[in-house]
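Each chain is listed here by its residues.
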Amino acid sequence: MNGSLYIVATPIGNLEDITLRALRILKEVDVVLCEDTRTTGKLLKHFDISAKLTSYHGNATDKKHMYILDMLRDGKKLALVSDAGTPCISDPGVMLIHSIREQLPDVEIFAIPGPSAVISALSISGLPSSEYLFLGFAPHKKGRKTFFERIGASDTTIAFYESPHRFEKALAGLAEVLDENRHLLIARELTKMHEQGVYGTLFEILEYFKNHPDKIRGEFVIVVEGRK
Ligand code: SAM
């Protein structure tokens with residue numbers, strides 16, 4: 001009998017955001033596949049869960065995929081978690097799920113929903129979100145110009161991720177394609193102690209971060225209003 005795989009969302013900051021179902025699944029499975037075993041180890045320790053952990057990160061080898069597929073062939077129940085948020089959303093897991101769907105179609109794959117930074121940011125943006133464009137991380141070099149041009153041209157709300165040390169560059173990229181009256185929400189450190197939502201026109205956002213360089217730290221989701 002084939003096993004099953006649970007895609008388990010974990011908190012993006014506040015540990016109270018883990019779901020009861022996520023805790024039960026993490027207790028019940030045979031093995032937890034983790035982006036980083038130390039990060040997940042700390043999370044599980046906090047909830048007093050002892051589980052067998054094995055790493056599954058973005059650079060997983062074919063050997064690792066075979067090892068995981070073999071466990072599923074043996075009927076094992078596995079959970080996949082990333083360091084924070086929902087696995088496979090700009091996080092490792094897509095390749096694994098693709099291999100399972102192609103090679104072991106009888107394995108059941110279950111979503112255990114919970115936090116995701118992009119959905120959390122959209123939910124507090126006040127910008128239309130019945131339709132939106134999620135672009136993951138801005139490319140560092142190749143494709144960067146097209147990435148920002150897509151944002152400039154989009155009629156729907158756009159959301160993307162950015163790291164703190166590239167945040168100012170992202171604002172500069174936006175300044176090249178947006179007119180100054182387009183609105184943005186900068187969602188920083190969601191669910192954490194220094195959580196902040198900075199909302200305003202591009203002009204106001206640029207001014208704010210010019211005057212508050214100390215706020216350019218932590219994790220960011222950038223949400224941009226669609227072109228009117
Ligand atoms: N899979 C994750 C999810 O569903 O939220 C996203 C993983 S991605 C590798 C990490 C990026 O998500 C960060 O660089 C940041 O842009 C965003 N992010 C994660 N946690 C966040 C938080 N608490 N506040 C704001 N952005 C966050």
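See above for the structure.
Novice: Looking at this model, I keep getting lost on the overall build of the protein. Mind explaining?
Specialist: The helix and strand tally for the protein stands at 8 helices and 10 strands. If you line up the protein on its principal axes, its C-alpha atoms span 60 × 35 × 30 Å. A buried classification covers 47% of the 228 residues belonging to the protein. Across the protein, every contact between residues at least 6 apart in sequence was considered, and the portion connecting residues at least 24 apart equals 69%.

Novice: Mind showing me how you'd approach the pattern of salt bridges here?
Specialist: Side chains that carry opposite charge are capable of pairing whenever their charged atoms lie near each other. Scanning all chains against the criterion turns up 10 salt bridges. Measuring nitrogen to oxygen at the nearest pair gives 3.1 Å for the salt bridge that ties E28 to R24. Here R24 and E28 lie together in helix α1 (residues 20-28), a separation of 4 residues that amounts to about one turn. Accessibility expressed as a relative area gives 39% for E28, which makes it partly exposed. The structure contains a network of salt bridges with shared partners spanning R24, E28 and K77.

Novice: Is there a simple way to explain the packing of aromatic side chains in this structure?
Specialist: Here the distance between the centres and the angle between the planes together describe a pair of aromatic rings. For the coordinates displayed, the defined rule picks out 9 aromatic pairs. Both rings, one in F134 and one in Y161, keep their centres 5.1 Å apart while their planes meet at 70°; by these two values the pair is edge-to-face. You can see F134 sitting in strand β6 (residues 132-137) and its partner Y161 sitting in strand β7 (residues 157-162), a full 27 residues away along the chain. By relative accessible area, F134 is classed as partly exposed at 26%.

Thresholds applied
- Residues numbered from 1 in each chain as written.
- Predicted model: local features only at pLDDT ≥ 70, side-chain atom pairs only at ≥ 80, totals over all residues.
- Heavy atoms only, no water.
- Helix = DSSP H or I, 4+ residues; strand = E, 2+ residues; numbered from the N terminus.
- Buried < 20%, exposed > 50% of the residue type's maximum accessible area, 1.4 Å probe, protein only.
- Contact = heavy atoms within 4.5 Å.
- Salt bridge = Lys/Arg side-chain N within 4 Å of Asp/Glu carboxyl O.
- Phe/Tyr/Trp six-rings, centres within 6.5 Å; stacked < 30°, edge-to-face > 60°.

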